[in-house]
Structures are given as C-alpha cells and as structure tokens.
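What follows is the residue order along each chain.
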Amino acid sequence: MKKRNSLAGTFRIFRFTLWQCCSQKAWLATTVMLGALLLIGIPLLLLLSVKLEGDSTEDVKQPFRTVYVCDETEGSADYSALTQDAATEEPITYTLMDSFNEAKAALEQADPDTSALLHITREESAYALTLCLADDTAITQEDAYALADAIEAAFPMILVQKTQLTPQQLGVYATPVVSITGQLNADGTAAEGKDIATQIIEFAFPFFIIMLMYFMVLFYGQSVANSVLLEKTSKLMDTMLTAVHPFALIFGKLFAVTFSAFLQILIWLISGVFGCIIGMLAALDAVPDTDNSIVTTLNTLSENQSIFTVKGIVLAVIFIGLGILLYCALSSISGALASKAEDLGKTNYIFVLVLLFSFFMCLGSPNTSNSMISTAPWLNYFPFTAILVVPGQLLLGQITALQTVISMAIMLFSIVAIIWIAATIYRLMVLYRGKVPNIKTLLAMLKKSPAGDAPHNDPAP
C-alpha cells in the first residue's frame, strides 16, 4: 500500500482557514477601522495641532508702553537698553524717576492699561526687581509675568553699566562662548553629528517596536492555539483525518492564521506611514514656518537618508512576518498538547514563559543611556529576542547586512524545527483524550513513535 503524503492537502487547509480568519466581522472591522483611523486621523490631528499653535501665536501684542523706573541701588545705568526687543512693534519706554513716590504719582496719572512701575532695590547680596501695576489696570498677570521675566533676563546689561567697565572690558565680557561636542570614528575622523529629532527616534523607536511586537505576538499566539484546538473539540475530526494528514492540518492552519495576522499588521503599518506623510505635507502646506515638534521631526526623518530606507523597511517587514510565524508555531504546540479548551491554560505556559523571558531580556539596563532597550549582541541571534529588536535596528540602519543574514538564517531554522515539533506532537495527540502529559511523558512518546505511526489514543478517564 502506498504511503500517504503527510503534507498533501496543506494548501486546501490554508485556503479554508485563511478565508475563515479574514471573513470574520471582528477581523474586517478592526482592520478597516484602525487602518482608516491611521490614514485619516493622523493628518487631521497634525493639521489641527499646527493650526491651533499658529492661532495662539498670532496677534499677540505687548500691552506695556511706558515703565517708570525707581532705582534705589548704587550706580547709574541707561534703562533704554532694555527696549531692544525686535519682536515688539512698539518698544517700551523706560523713564527713570528720582524717588518711589514720584514714580507712583506718574503711574497714577498715566494710562493704567499700558503703564507699570519698576522698583529696584538691593537686599543683602541680591537685587530685588518689583513690577507694580495700577489698581484699575486691564493688564493680565500673564502679561505682567512675561515683562518681569524679560527684564530679569536683560538685567545683567544694567549691572554691567553700574560697574563702569571700560569699552575693552565690555568687549571681553560680551564675547560669546561656543561649546562644541562631537564623536570620533574608529579611524580618528570626526563623526557626523545627529539632529535632535534623529536622537529622539533612535532612543524611543526601538522600544515602541518591542511593545508593538509583544502585544501582537501575544494576541495572535492565542488565536493559533485556539485554531489548532478547534477540530479536537468538534465532531469534524474523524472526517478531516480521512481527507488530510495531521501534519497537513496543522501546517495549513498555522500558515493561514500567521498570514492573516501579518496581512492585518501590514495594512496598519502602510496606513500609518501614509497618514504621517499626508499629515506632514498638509501641515507644512497650511503653516510653512511651523515649529510643531511632531511635524518638524517627521520632516527631518523624511530628509534623513540613513534611516527608514526602502531596503531596511522591506527587510523589517519580512523579519516581522518570520517572527510572528515563529511565535505562532510555538503557540501551536500548546494547542497540539491540549485536548479541550480548558487545557489551554495548562499547556500555554510554554509560549507565555518564552515571550516574557524574551521581552525582559530586551529591556535596557539602568546604565543604558542611548536607548531604552538592551544593546547586547546576542539578542540579535537568539530567535525569540531577535524578532523584538532586529526590526527596529533595520529601520534605523543600526545592523549590518551580514548580521541580518545570520539572524534571519537562525530564525528560519528555528521556525522549521518548531513547526516540525508542533506537527509531530499534534499527530501524536490528535485523538488523545486523557490527562495532559508532562514533559517527561511527551518526550517518551516522541521517542517511541516514528513519523509514520498512527496517532496515540488513550481512553478518557
């Protein structure tokens, strides 16, 4: 009798399971709604933010026109130096008064909505600047605080005049001090500096990728385990086993659920990228000189040729697909071991422990200053941590081509090995209705049962 091909019918199982996953209302609703939210919501938020910032900075006028100065400290100074404000259309006039009572009388006779009194005294080793307003003034506290901060910032010019320094001494005092920091390459040449937007992205983006992959793997891993267990809890098992081999059943289901997850993530990523691009262009078109931090960061990244390259994006997407397949294959072992839905809580510990271990290994140590994740080299080659760290490094251009090839080869080998183990366990446990076997019993079953043996079947207790 000719031996049946163990993988015959895999594509039929794949096509049927993929249609079941993608035709579900929950899958369609979440995919379309979140994709539309990213594609439309991001541009609207960016456009709204730059519009609000633009409106808040327009038509801001300085209410002060006259400030009466009462200086009771030693030395003389020309307070007109404080009027050098290029941002003010009508500069403030500083009038020096002989006494506080004279300044107070002048304030009472002046326009209360445009005038103020500056009282300067010295208390021990510090100068005290007191800004007084009229009782019936319409000037707000915010405007008064703004003027007080501006005077405090410019007051060193007044102190320089009080010290009666010579022009040469004033020139030395006014000489600016420039501090330049940089990095050197291994050959001693100066490394190209990075702008603040790039530094922020390199610091936070890898952690964002890790969190995204963690929750995606956790969610879709549970789906694979439930899908693998589905036929065991229904009456379709006997019929399906006469049509396809257990290997084909688990292979088709695993690849179908993984592909549906990858397709959903890919749609969201594309929607998010196009949403950011459209939002950035719309915001720059509406407010060309905007200083919005998000728009500025996106614009800087679009002009940076070293990160988010086409090659890096393609490799990162492929790596994400392989990583989801790896963890889904691991989760399928839990579904293969369980004989009913209640057993998943006992068998899913393998998947959960591996995921938690990998996640915490990827987190940065307290001594890590340039990233929120660990930079240990072994994380790139251990398959369960590589999926969490390598995609971010590919997008940021922080990993070489050789390292990527080695990591991807290890990932592929691990995927094939885990899928083979999951399929073998599924074949052995497909008709099993007894107690969930422990590791020792499972290893004994794998050792005694070659690939062509019939499924192991123990009577239910």
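Quick notes on the rules
Residues numbered from 1 in each chain as written. Predicted model: local features only at pLDDT ≥ 70, side-chain atom pairs only at ≥ 80, totals over all residues. Heavy atoms only, no water. Pairing = 2+ DSSP bridges. Helix = DSSP H or I, 4+ residues; strand = E, 2+ residues; numbered from the N terminus. Axes fitted to C-alpha atoms, helices over the stretch in contact; angles between N-to-C directions. Contact = heavy atoms within 4.5 Å. Patch = residues over 30% accessible without salt bridge, like charges linked within 9 Å, V, L, I, M, F, W, Y side chains within 5 Å. Areas by Shrake-Rupley, 256 points an atom, 1.4 Å probe, with all protein chains shown as cover. Salt bridge = Lys/Arg side-chain N within 4 Å of Asp/Glu carboxyl O. Lys, Arg positive; Asp, Glu negative; His and termini not counted. Charge placed at Lys NZ, Arg CZ, Asp CG, Glu CD. Buried < 20%, exposed > 50% of the residue type's maximum accessible area, 1.4 Å probe, protein only. Parallel < 35°, antiparallel > 145°, perpendicular 65-115°, else oblique. Left-handed = near helix turned anticlockwise from the far one by under 90°. Nonpolar A, V, L, I, M, F, W, Y, C, P; charged D, E, K, R; others polar. Phe/Tyr/Trp six-rings, centres within 6.5 Å; stacked < 30°, edge-to-face > 60°.

Asks: Please provide a residue-by-residue account of the sheet that holds strand β3 (residues 115–123), values included.
Replies: An order of β2-β1-β3-β4 is seen for the 4 strands of this open sheet, with the pairing classed as mixed. Each end of this open sheet is capped by a strand with a single partner; those strands are β2 (93–97) and β4 (126–132). Strand after strand, the sheet turns through a mean of 25° between neighbouring axes, direction not considered. Examined bridge by bridge, strand β1 (residues 66–71) and β3 share 6 bridges and lie parallel to one another. Looking across to β3, one finds that Asp71 is bridged to Ile120. Sheet contacts for helix α3 (residues 100–109): β1, β2, β3 and β4; angle to β3, the most-contacted strand, approximately 165°.

Asks: Requested: an account of a negative patch on the surface, with residues and values cited.
Replies: There is a patch of like negative charges on the surface, built from Glu108, Asp111, Asp113, Asp135 and Asp136. Mapped onto the elements, Asp113 comes out in the loop between α3 and β3. When its relative accessible area of 33% is taken as the criterion, Asp113 is described as partly exposed.

Asks: Explain the packing of helix α12 (residues 349–362) against helix α13 (residues 383–396) to me, and be specific about the residues and the numbers.
Replies: Following both chains from N to C, one finds α12 and α13 inclined at 50°, their axes separated by 9 Å at the closest point. Relative to α13, the element α12 lies oblique. As for how α12 packs across α13, the hand of that crossing is right-handed. Residue-level contacts link Val354, Ser358, Phe359, Met361 and Cys362 of α12 to Phe384, Thr385, Leu388 and Val389 of α13. Along the lines of polarity and charge, the residues of the contact of α12 with α13 split into 7 nonpolar, 2 polar and no charged.

Asks: Outline a nonpolar patch on the surface, listing residues and values.
Replies: A contiguous nonpolar patch, built from Leu39, Ile40, Leu44, Ile270, Phe274 and Ile278 and spanning about 560 Å² of accessible area, is present on the exposed surface. Listing elements by their share of the nonpolar patch, those giving two or more residues are α2 (25–57) and α8 (246–286). Residue placement: Leu39 occurs in helix α2. Here Leu39 falls in the partly exposed class, since its relative accessible area comes to 36%.

Asks: Describe in detail the side chain of Thr121, supporting the description with residues and values.
Replies: Looking at where Thr121 falls in the secondary structure, it is placed in strand β3. Discounting residues that sit within four places of it in the chain, Thr121 has contacts with Glu72, Thr73, Ala126, Tyr127 and Ala128.

Asks: Now, about the packing of aromatic side chains: what can you tell me, with residues and values included?
Replies: Evaluated as defined, the whole model comprises 9 aromatic pairs. Note on Tyr327 and Phe384: the rings are 5.5 Å apart at their centroids and 70° apart in plane angle, and the pair reads as edge-to-face. Separated by 57 residues along the polypeptide, Tyr327 in helix α10 (residues 310–337) and Phe384 in helix α13 bring together distant segments of the chain. The residues Tyr327 and Phe384 share a single accessibility class, namely buried.

Asks: Give me the environment of Asp135: which residues, what numbers.
Replies: Here Asp135 lies in the loop between β4 and α4 (141–162). The class for Asp135 is exposed, based on a relative accessible area of 83%. Sequence separation between Asp135 and Glu108 is 27 residues, and the spatial gap between their C-alpha atoms is 8.9 Å.

Asks: Any details on the packing of α13 against helix α14 (residues 401–429)? Residues and values, ideally.
Replies: Two numbers describe a pair of packed helices, the interaxial angle and the distance between the axes. The contact between α13 and α14 brings their axes to 11 Å, and the two run at 145°. In the crossing of α13 with α14, the sense of the turn from one axis to the other is left-handed. Note on element contacts: α14 touches α13 through Thr404, Ser407, Ile410, Met411, Ser414 and Ile418, opposite Pro383, Phe384, Ala386, Ile387, Val390 and Leu394. A per-class count over the contact of α13 with α14 returns 9 nonpolar, 3 polar and no charged.

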